[in-house]
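Descriptive analysis of the structure
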Amino acid sequence: MKNHLRQAVSKIGQPPGTVAVTTTVAEPPGISLLTYTATSLEERYEQPLAACLEAIDPAAVNWLHVAGLPDSGILEEIGKHFGIHALVLEDLGSTHQRPKIENFANHTFMVIKVIQLDEHSKRLTIGQFGLILGSHFLVTISNQKMTSFDLLLERIRKKRGWIRELGTDYLAYAIIDLIVDHYFLSLTHLDTALENLQIQAVADPQPEMVPIIHGLKQDIMLARKAVWPLKEIVIEIQRGDVPWFSKAVLPFFRDLSDNLNMLIDLMEMYREMATGIMEIYLSSLSNRMNTIMQVLTIIATIFIPVTFVAGIYGMNFKHMPELEWSYGYPLILLLMALAMGLMVYFFYRKKWL
Amino acid sequence: MKNHLRQAVSKIGQPPGTVAVTTTVAEPPGISLLTYTATSLEERYEQPLAACLEAIDPAAVNWLHVAGLPDSGILEEIGKHFGIHALVLEDLGSTHQRPKIENFANHTFMVIKVIQLDEHSKRLTIGQFGLILGSHFLVTISNQKMTSFDLLLERIRKKRGWIRELGTDYLAYAIIDLIVDHYFLSLTHLDTALENLQIQAVADPQPEMVPIIHGLKQDIMLARKAVWPLKEIVIEIQRGDVPWFSKAVLPFFRDLSDNLNMLIDLMEMYREMATGIMEIYLSSLSNRMNTIMQVLTIIATIFIPVTFVAGIYGMNFKHMPELEWSYGYPLILLLMALAMGLMVYFFYRKKWL
Amino acid sequence: MKNHLRQAVSKIGQPPGTVAVTTTVAEPPGISLLTYTATSLEERYEQPLAACLEAIDPAAVNWLHVAGLPDSGILEEIGKHFGIHALVLEDLGSTHQRPKIENFANHTFMVIKVIQLDEHSKRLTIGQFGLILGSHFLVTISNQKMTSFDLLLERIRKKRGWIRELGTDYLAYAIIDLIVDHYFLSLTHLDTALENLQIQAVADPQPEMVPIIHGLKQDIMLARKAVWPLKEIVIEIQRGDVPWFSKAVLPFFRDLSDNLNMLIDLMEMYREMATGIMEIYLSSLSNRMNTIMQVLTIIATIFIPVTFVAGIYGMNFKHMPELEWSYGYPLILLLMALAMGLMVYFFYRKKWL
Amino acid sequence: MKNHLRQAVSKIGQPPGTVAVTTTVAEPPGISLLTYTATSLEERYEQPLAACLEAIDPAAVNWLHVAGLPDSGILEEIGKHFGIHALVLEDLGSTHQRPKIENFANHTFMVIKVIQLDEHSKRLTIGQFGLILGSHFLVTISNQKMTSFDLLLERIRKKRGWIRELGTDYLAYAIIDLIVDHYFLSLTHLDTALENLQIQAVADPQPEMVPIIHGLKQDIMLARKAVWPLKEIVIEIQRGDVPWFSKAVLPFFRDLSDNLNMLIDLMEMYREMATGIMEIYLSSLSNRMNTIMQVLTIIATIFIPVTFVAGIYGMNFKHMPELEWSYGYPLILLLMALAMGLMVYFFYRKKWL
Amino acid sequence: MKNHLRQAVSKIGQPPGTVAVTTTVAEPPGISLLTYTATSLEERYEQPLAACLEAIDPAAVNWLHVAGLPDSGILEEIGKHFGIHALVLEDLGSTHQRPKIENFANHTFMVIKVIQLDEHSKRLTIGQFGLILGSHFLVTISNQKMTSFDLLLERIRKKRGWIRELGTDYLAYAIIDLIVDHYFLSLTHLDTALENLQIQAVADPQPEMVPIIHGLKQDIMLARKAVWPLKEIVIEIQRGDVPWFSKAVLPFFRDLSDNLNMLIDLMEMYREMATGIMEIYLSSLSNRMNTIMQVLTIIATIFIPVTFVAGIYGMNFKHMPELEWSYGYPLILLLMALAMGLMVYFFYRKKWL
């Protein structure tokens with residue numbers, strides 16, 4: 001969230017609608033174009049923008065994908081070619097928009113969050129994915145690499161499912177569906193992490209667990225902020241409020257809606273689990289303390305009184321009759337053994353042993 | 001919930017509407033058909049699907065029950081015979097749908113959860129139950145064995161109640177009612193478990209209790225997720241929004257609605273009880289700690305000062321006049337007894353003894 | 001709540017609408033009939049049902065009261081005489097209905113909860129009270145003895161207030177009002193119990209308090225489940241949605257509504273108090289622990305160092321010059337006193353003494 | 001709240017609408033009348049009711065104020081003179097009404113709570129204030145002394161503000177405004193008390209603080225129950241739903257509404273503060289425990305090992321070569337000093353010193 | 001909040017609508033006027049009010065800014081010149097209004113909160129900012145210095161963005177946007193503070209952290225109270241309900257709304273973080289306690305039994321055969337070493353070492 005703060009702060013006093021690109025990805029963005037109809041398919045990868053824009057065929061489905069964060073020049077060129085609103089271009093330049101949908105005269109604009117697992121820190125990272133859907137084009141801008149696009153390409157190439165028969169709106173649906181499937185993939189990590197933590201909290205409570213649990217809780221919260229607004233977007237599409245989605249595509253969003261509901265259920269459950277693990281951890285700690293104190297108390301209680309008795313007969317008084325007795329020493333040893341046995345019995349009855 | 005994750009993840013990049021069956025039950029599904037009117041009754045158990053479909057009588061109530069998870073071939077055959085929507089078949093193939101109702105042109109489709117108690121782990125298991133209700137047929141697909149169907153069969157055979165007079169919609173109601181009755185049965189376990197835990201939390205708090213309490217809390221949460229959406233389904237039916245339920249059957253759902261409300265009340269109460277037991281456990285732990293420390297403190301406080309006195313007279317100084325006194329030893333013993341008595345009195349007044 | 005579970009479980013597989021009476025009261029129900037107009041009054045107690053039904057006068061107010069749980073024969077006879085719906089009779093047979101109101105063609109049916117204090121266990125018990133209100137009759141079925149009916153009888157006999165001038169609807173109001181007054185009576189117990197617990201939690205925290213506090217919390221929760229739905233019933237009546245209550249009677253329900261609001265406020269306050277007492281208890285426990293540890297620490301810290309010094313001069317080395325000194329012994333005593341004084345001063349400055 | 005319970009309980013079985021006065025103020029109520037127009041002003045204090053009622057001038061603003069709880073005779077006389085509804089009189093007789101507004105044919109009736117600080121117990125007390133507003137009269141009944149009325153009298157006498165130009169409705173507004181100003185005054189106490197408690201919770205956590213904090217929380221809750229319903233009343237007046245308030249007066253209620261919103265914000269903040277102080281207190285307690293245990297551990301750990309060494313050389317074995325050495329004693333002293341130094345270094349590195 | 005209480009209390013008994021200025025800023029307010037059109041720009045700083053009012057040009061955008069709290073004379077003069085409602089002037093005189101918008105016949109009035117970080121106490125301070133927007137004028141009154149106005153002036157002077165083309169409404173938007181940007185700036189502090197506290201809570205839990213965490217929580221709460229009502233104001237403007245904002249300006253508020261939503265998300269996250277840090281702190285404390293007790297227990301348990309053995313052989317009994325043995329001393333040393341080794345092994349197996 002700090003990036004977002006920095007971006008907001010850096011724009012203080014700037015007039016709105018300025019295309020100010022906050023570059024977090026160093027490498028230049030890769031531009032690809034996919035043009036297909038039910039019968040034909042053309043693929044262009046890593047080509048200059050101008051060449052792509054020229055190749056756009058108004059009679060086909062045109063998917064222009066920009067990987068990485070484009071500079072403002074590219075954004076403005078795309079904007080000019082497709083007649084995209086200036087405020088949309090501004091939003092695309094920033095990487096910290098909330099998921100939203102906005103309808104314009106000749107296109108609809110969506111921002112969706114991409115959730116991915118950072119393998120190193122085991123924390124979730126939230127990326128931004130922008131979609132601009134028009135009658136014959138779909139422009140997507142992703143500031144994170146998404147490997148699973150290959151599966152979608154396979155479906156387009158091999159004509160699997162409805163993808164080659166339906167238009168840009170189905171393509172948009174297929175991409176959103178893919179992103180939501182990614183959400184589940186990211187949550188698998190949470191699932192495993194939480195189960196391991198629960199086991200550890202019982203068996204071996206360590207102070208290092210606490211910040212990890214809180215980190216997971218924050219991750220769940222971040223994921224919630226990605227999923228909830230997307231659900232609202234999907235509901236709006238399902239209601240038929242977004243003209244760029246045809247009636248033929250709407251039923252597919254029913255499935256998406258079900259998946260998002262399940263995600264929300266899952267996250268709620270994970271949240272509860274995290275809270276529960278924290279409780280288990282704290283009670284394990286309390287329990288361990290009890291065990292420690294029990295050991296100390298048993299040892300101290302058994303030995304302190306007899307040590308006192310030994311101390312008495314270590315005194316150097318001239319007149320201590322017991323010291324002269326022949327059986328004084330064995331008698332006192334017996335007495336001590338008795339006292340210790342009594343203590344042991346007391347602890348046994350208290351179930352401390 | 002992990003199964004669900006695995007299923008969602010395995011479908012990444014797949015086109016929607018593909019009948020992908022996630023088999024968790026190894027044995028082949030058993031197919032049964034019950035055909036009855038007010039006067040006649042035919043029962044067919046464990047027969048091939050084709051034979052069952054052929055025997056369907058449009059003038060009677062036809063209940064086709066598939067126990068276990070059918071493979072996609074069976075699902076498609078049933079779908080073709082009754083004209084069931086492709087997306088419904090897809091949902092039936094998956095075992096992790098949320099409870100829902102969907103109305104189609106010639107049938108209505110419901111998913112309901114079956115809650116059963118796993119005798120071994122003492123945890124609740126959530127199964128899925130699909131109903132497809134048409135004018136003259138009811139197809140049910142259950143991925144769990146349900147023994148209580150026998151009671152329903154008895155009612156059909158012996159013409160008890162309205163079941164032979166009313167149509168497929170009443171049969172659907174009777175099955176849902178049976179499933180809800182099962183919910184209560186499963187909750188009996190929670191009831192007993194919670195009461196035992198509460199008693200144990202007071203008498204003998206053990207660290208093993210904490211994960212059990214959290215397990216029960218998660219079970220209650222799972223059960224809630226089965227009951228809440230079902231309540232919404234029942235309300236929708238009661239409002240008359242589902243055309244396949246006739247007016248004659250609607251009043252029966254009033255009772256079902258009352259039962260679901262009571263279930264929700266019960267689960268809320270169980271949840272509060274679980275939270276309360278956790279609190280009792282923690283305060284029992286604190287209390288036990290207090291007792292342990294009290295014992296240590298009493299013993300240490302009584303013996304440490306007198307041990308010090310004994311230490312003094314154990315010193316080897318040449319000139320220690322007390323050591324020479326005839327009554328030195330008994331005097332010092334008296335002094336020690338006095339000091340110990342004082343301590344005991346102090347603890348007695350503090351109510352620690 | 002367990003009774004309710006048992007009842008629901010015992011009905012698995014039963015057709016709905018069967019009058020299955022769950023008898024928790026052993027003795028046979030007592031049937032009484034009160035028939036009055038503005039001028040006349042006839043009272044019949046503990047008479048057979050048939051005699052009562054015969055004596056009903058359509059021109060007067062007829063109050064048929066069944067104390068205890070009637071068997072299904074009685075219920076069916078009453079149902080036939082007054083034309084009461086079969087589902088109402090079924091509800092009357094069960095003792096664990098939620099408070100509700102249901103309007104039928106020739107009567108309205110209400111279920112209300114009676115809250116009473118079990119003198120032995122000091123826990124609240126929730127009973128059920130059924131009212132069937134028609135144009136000239138009021139049938140009430142109570143599965144608990146209610147002593148305060150005598151006060152109502154007095155008002156009827158002595159024509160106090162409006163009761164003899166208004167019809168069956170006012171009688172129904174008067175009875176509900178009496179039951180709500182009983183709620184307050186039951187809550188007096190909670191009030192006293194909570195105040196005593198609060199005082200004890202500060203002065204003398206005992207582990208036995210924790211289950212008592214949780215028991216009170218559960219009682220408050222049970223009472224809430226009785227009061228909230230009743231409030232909704234009263235609001236429905238006030239709105240004029242129940243045809244059997246005439247306009248003349250509606251203003252009286254305003255008062256009832258105020259009382260129920262106050263009850264809800266009270267219960268919320270009791271709930272907060274119970275939570276607060278738990279917090280006070282736990283902090284008292286923590287505090288006591290602090291005191292215990294402080295005593296141990298003070299005693300140990302004062303005596304351990306000086307005991308060590310005594311130990312040094314108890315060693316048997318041949319060459320220990322101090323032992324030969326004439327003033328060795330008094331010097332070492334002084335040193336010890338000094339060390340102990342220093343410790344005492346340290347604790348005094350730390351405010352531990 | 002107990003008074004309220006007692007009152008409710010004492011009315012069990014009573015017909016509604018009976019003017020049953022619950023007297024908590026012993027002294028007879030004082031009756032005053034203020035009659036004023038833009039030009040004239042007549043003041044009558046502590047006069048008999050009959051004289052006051054006679055002096056009422058239908059062409060002027062008549063403010064009849066009853067201080068203390070009137071007996072039912074006075075209430076009935078007032079009721080008869082102004083045509084006040086019987087149920088209003090009943091409500092005025094009780095002192096535990098919730099704030100509410102009720103419109104009648106020739107007057108509107110309001111109950112408002114007066115919050116005052118009991119100087120002795122430092123707890124808030126909640127009084128009741130009744131207003132009956134008609135076209136030319138305003139009857140107010142207060143069961144608590146309110147000193148700040150003098151300021152209002154000054155404004156009437158000196159014609160400050162709009163009070164002499166506008167009618168009875170503005171007078172009613174001015175009185176409510178005064179009462180709300182009193183709420184702020186009472187909250188000043190909470191403000192100071194909470195800040196002092198916060199400082200004490202950090203510096204010197206005492207068990208006596210816990211019930212005080214919970215007392216403040218209950219006071220805040222009581223105040224909330226006074227303020228929230230009043231806000232609803234003011235909103236109803238602002239909407240113009242109360243015919244007895246003219247359009248000229250409505251804008252003034254905007255200010256009142258703002259003040260009530262601020263009060264609600266303040267109380268929410270106080271509530272959070274109280275919860276925070278409790279948390280600070282508990283963590284201070286934990287911290288103190290840590291300090292205590294640290295002292296004990298340091299002392300014990302430094303002296304226990306060396307005491308053991310001294311014990312060894314205090315043994316009386318015949319053959320202990322070390323005892324014969326010339327430098328045995330200084331060597332062993334050095335060894336002990338070393339061991340103690342090591343322990344001190346260990347604690348220093350653990351930052352316990 | 002105390003200031004607010006003091007102000008409310010000081011006004012008890014005052015007639016409403018009196019311009020009572022609560023001066024918290026000692027220095028006289030500075031009055032500035034900016035008059036600009038698309039082509040011309042006139043700036044007047046720190047001039048007398050009369051001169052400014054005279055210079056107002058109805059054909060241009062006139063921004064009259066009053067820095068610091070004006071006295072009632074200035075407020076009344078401004079009020080008379082622009083025809084501002086008396087109640088608005090009263091609100092401007094007070095410094096503790098809640099954010100709100102009020103529409104009048106010839107102007108709209110807004111109160112917005114300014115959040116700034118007090119560099120000394122590291123706490124947020126909330127200031128008030130009043131805007132009165134008419135057709136050709138914008139009056140702003142700020143009781144805090146705002147340095148970032150310079151950036152806005154630059155935009156006006158250099159004609160950057162739309163500011164010189166659009167009217168007073170756009171100027172009002174630009175100012176609100178600037179204030180919201182300030183909110184983000186203030187929150188950067190919270191962000192850093194919370195992260196540092198989290199690290200410290202794990203590494204080095206100190207009791208001083210608790211009041212700091214609670215201070216941050218209260219700051220977040222204060223900020224929430226500034227942001228939430230502002231969001232409602234912006235929504236009202238966006239809906240087109242405020243006539244003084246033209247259609248050309250409305251789209252800009254979309255951005256503002258997005259920013260406010262992000263602020264709310266951020267604050268929610270900070271709140272959760274603060275709660276989490278408190279939890280981490282408490283569990284760190286518990287953990288430290290465990291470590292302390294472990295050290296004590298290990299040391300005590302290893303040395304207490306062997307000290308007892310040494311005590312036995314320090315007794316002065318005449319007949320103690322062991323003392324005479326040639327190898328008594330080394331044997332007993334071995335025994336002690338063995339006992340200590342056993343204890344160490346026990347702790348090693350319990351993983352306490």
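Residues numbered from 1 in each chain as written. Chains lettered and ligands numbered in written order. Predicted model: local features only at pLDDT ≥ 70, side-chain atom pairs only at ≥ 80, totals over all residues. Heavy atoms only, no water.

1. A short note on the overall build of chain A
For chain A, the count of helices and strands is ten helices and seven strands. A compact globule built from 353 residues should have a C-alpha radius of gyration of about 20 Å, whereas chain A, at 34 Å, is more than 25% larger. When the backbone C-alpha atoms are referred to their principal axes, chain A occupies close to 120 × 45 × 35 Å. Considering only residue pairs separated by 6 or more positions, chain A has 67% of its internal contacts joining residues 24 or more positions apart. (Helix = DSSP H or I, 4+ residues; strand = E, 2+ residues; numbered from the N terminus. Rg over C-alpha atoms; globule rule 2.2 N^0.38 Å. Contact = heavy atoms within 4.5 Å.)

2. Let's talk about the arrangement of the chains
There is a clear gap between chain A and chain D: no contact, and 9 Å between their nearest C-alpha atoms. Taking C-alpha atoms only, the smallest gap left between chain C and chain E, which are not in contact, amounts to 9 Å.

3. Re the relation of the copies chain E and chain A
After a rotation of 72° and a shift along the axis of 0.1 Å, chain E superposes on chain A with an RMSD of 0.0 Å. In the structure described here, the two chain copies are related by an operation that fits a five-fold rotation axis. For chain E, the residue whose C-alpha comes nearest the rotation axis is E:Gly314, separated from it by 4.6 Å. The two copies present different faces, since only 14% of the interface residues in chain E are matched by interface residues at the equivalent positions in chain A. (Least-squares fit on C-alpha atoms with pLDDT ≥ 70 in both.)

4. Considerations on the environment of C:Thr297
With respect to the secondary-structure elements, C:Thr297 resides in helix H8 (residues 250–312). Taking the C-alpha atoms as reference points, C:Thr297 and C:Trp352, separated by 55 residues in sequence, lie 9.9 Å from one another. Apart from the residues lying within four places of it in its own chain, the contact partners of C:Thr297 are C:Phe347, C:Trp352, D:Ile292, D:Val295 and D:Leu296.

5. With respect to the interface of chain C and chain D
If you look at the interface, chain C gives 66 residues, while chain D gives 61 residues. For the pair chain C and chain D, the two sides together bury roughly 5,700 Å², of which 67% comes from carbon and sulfur. Taken as a group, C:Met269, C:Phe308 and C:Phe317 account for 12% of the area that chain C buries against chain D, more than any other trio of residues on that side. There are seven salt bridges connecting chain C and chain D. The partner of D:Lys225 in a salt bridge is C:Glu268, and the shortest N-O contact between them spans 3.7 Å. (Buried area = accessible area lost by both parts, 1.4 Å probe. Salt bridge = Lys/Arg side-chain N within 4 Å of Asp/Glu carboxyl O.)

6. Digging into the sheet that holds strand E7 (residues 137–142) of chain E
All names here are of chain E. Strand order in this open sheet of seven strands is E2-E1-E3-E7-E6-E5-E4, and the pairing throughout is mixed. Two strands bound the open sheet, and with one partner strand each, they are strand E2 (41–44) and strand E4 (100–103). Adjacent strand axes in the sheet meet at a mean angle of 15° when their direction is disregarded. Both E4 and strand E5 (residues 108–118) contribute to a ladder of four bridges, which runs antiparallel. When the bridges of E5 are listed, Asn103 appears paired with Thr108. Along the sheet, helix H4 (residues 86–93) contacts E4, E5, strand E6 (123–133) and E7; its crossing angle with E6, the most-contacted strand, is approximately 160°. Contacting E4, E5 and E6, helix H7 (residues 209–238) runs over the sheet at an angle of about 155° to E5. (Pairing = 2+ DSSP bridges. Axes fitted to C-alpha atoms, helices over the stretch in contact; angles between N-to-C directions.)

7. A look at the interface of chain E and chain A
The interface of chain E with chain A comprises 66 residues on the first partner and 61 residues on the second. The contact between chain E and chain A buries some 5,700 Å² in all, and 67% of this surface belongs to carbon and sulfur atoms. Ranking the residues of chain E by area buried against chain A places E:Met269, E:Phe308 and E:Phe317 at the top, with a combined share of 12%. For the interface between chain E and chain A, the tally reads seven salt bridges. With its nearest N and O atoms 2.5 Å apart, the salt bridge here joins E:Arg254 to A:Glu102. Where the side of chain E that touches chain A is concerned, the elements lending two or more residues are helix H5 (149–157), helix H6 (168–203), helix H8 (250–312), helix H9 (321–324) and helix H10 (328–349) of chain E.

8. Looking at the sheet that holds strand E6 (residues 124–133) of chain A
All names here are of chain A. Pairing in this open sheet of seven strands is mixed, and the strands run E2-E1-E3-E7-E6-E5-E4 from one edge to the other. Two strands lie at the open edges of the sheet, namely strand E2 (41–44) and strand E4 (100–103), each paired on one side alone. Sheet twist, expressed as the average angle between the axes of neighbouring strands with direction ignored, equals 15°. Pairing between strand E5 (residues 108–117) and E6: ten bridges, direction antiparallel.

9. Brief notes about the pattern of salt bridges
All names here are of chain E. Tallying each qualifying case throughout the model produces 80 salt bridges over all chains. We note a salt bridge from Arg254 to Asp255, for which the minimum N-O separation is 3.4 Å. Each member of the pair, Arg254 together with Asp255, is buried. (Buried < 20%, exposed > 50% of the residue type's maximum accessible area, 1.4 Å probe, protein only.)

10. Concerning the packing of helix H6 (residues 168–203) of chain D against helix H8 (residues 250–312) of chain D
Residue and element names in this part refer to chain D. Interaxial distance between H6 and H8 falls to 10 Å at its minimum, and their mutual angle equals 15°. Overall, the two elements H6 and H8 adopt an arrangement that is roughly parallel. Pair H6 / H8 crosses with left-handed handedness. (Parallel < 35°, antiparallel > 145°, perpendicular 65-115°, else oblique. Left-handed = near helix turned anticlockwise from the far one by under 90°.)

11. Remarks on the packing of helix H8 (residues 250–312) of chain B against helix H10 (residues 328–349) of chain B
Residue and element names in this part refer to chain B. Contact pair H8 / H10: the axes reach a minimum separation of 10 Å and the direction vectors enclose 160°. In terms of orientation, H8 lies roughly antiparallel with respect to H10. The hand of the H8/H10 crossing is right-handed. Here H8 contributes Thr297, Ile298, Thr301, Ile302, Phe303, Pro305, Val306, Val309 and Ala310 to the contact with H10, which in turn contributes Ile332, Leu335, Met336, Ala339, Met340, Met343, Val344 and Phe347.

12. Here's the deal with the relation of the copies chain C and chain D
Once turned by 72° and shifted 0.1 Å along the axis, chain C lies on chain D with an RMSD of 0.1 Å. An asymmetric contact is evident, with only 14% of the interface residues of chain C recurring at the interface of chain D.

13. Focus on the environment of E:Gln218
With respect to the helices and strands, E:Gln218 occurs in helix H7. In this structure, the C-alpha to C-alpha distance between E:Gln218 and E:Arg123, residues 95 residues apart in sequence, is 9.5 Å. Among all residues touching E:Gln218, those that are not within four sequence positions of it are D:Gln198, D:Met273 and E:Arg123.

14. Some points on the packing of aromatic side chains
All names here are of chain A. Counted under the stated rule, the structure contains 60 aromatic pairs over all chains. Ring plane angle 75° and centroid distance 5.1 Å describe the contact between Tyr170 and Phe252, whose orientation is recorded as edge-to-face. Within this pair, whereas Tyr170 is found in helix H6 (residues 168–203), its partner Phe252 is found in helix H8 (residues 250–312), the two being separated by 82 residues in sequence. For the residue pair Tyr170 and Phe252, the accessibility class agrees, reading buried in each case. Taken together, the ring pairs in this structure connect Trp162, Tyr170, Tyr173, Phe245, Phe252 and Phe253 into an aromatic cluster. (Phe/Tyr/Trp six-rings, centres within 6.5 Å; stacked < 30°, edge-to-face > 60°.)

15. Some thoughts on unusual backbone geometry
Non-glycine residue A:Lys159 carries a positive phi angle of around 55°. Looking at the element boundaries, A:Lys159 is found in the loop between helix H5 (149–157) and H6. For A:Lys159, a relative accessible area of 44% gives the class partly exposed. For D:Glu46, which is not a glycine, the phi torsion comes out positive at approximately 50°. One can find D:Glu46 in the loop between strand E2 (41–44) and helix H2 (49–54).

16. Re H4(E)
Given 3.6 residues per turn, any residue in an α-helix points the same way as the ones three and four places further on. The buried fraction of H4(E) is high, at seven of eight residues. What H4(E) keeps buried is the set E:Leu87, E:Val88, E:Leu89, E:Glu90, E:Asp91, E:Leu92 and E:Gly93. Where H4(E) is buried, its residues meet H8 of chain D together with helix H3 (72–82), E4, E5, E6 and E7 of chain E.

17. Observations concerning the side chain of A:Ser257
Structurally, A:Ser257 can be placed in helix H8. Residue classification places A:Ser257 among the buried residues on the basis of a relative accessible area of 11%.

18. What about the pairing of E5(E)?
Residue and element names in this part refer to chain E. In terms of burial, E5 is largely enclosed, as nine of its eleven residues are buried. Between E4 and E5, which pair antiparallel in sequence order, lie four residues. Both E5 and E6 contribute to a ladder of eleven bridges, which runs antiparallel. If you follow Gln116 over to E6, its bridge partner there is Thr125. Connecting E5 to the antiparallel partner E6 that follows it, the hairpin turn spans four residues, and Lys122 within it adopts a positive phi of roughly 60°.

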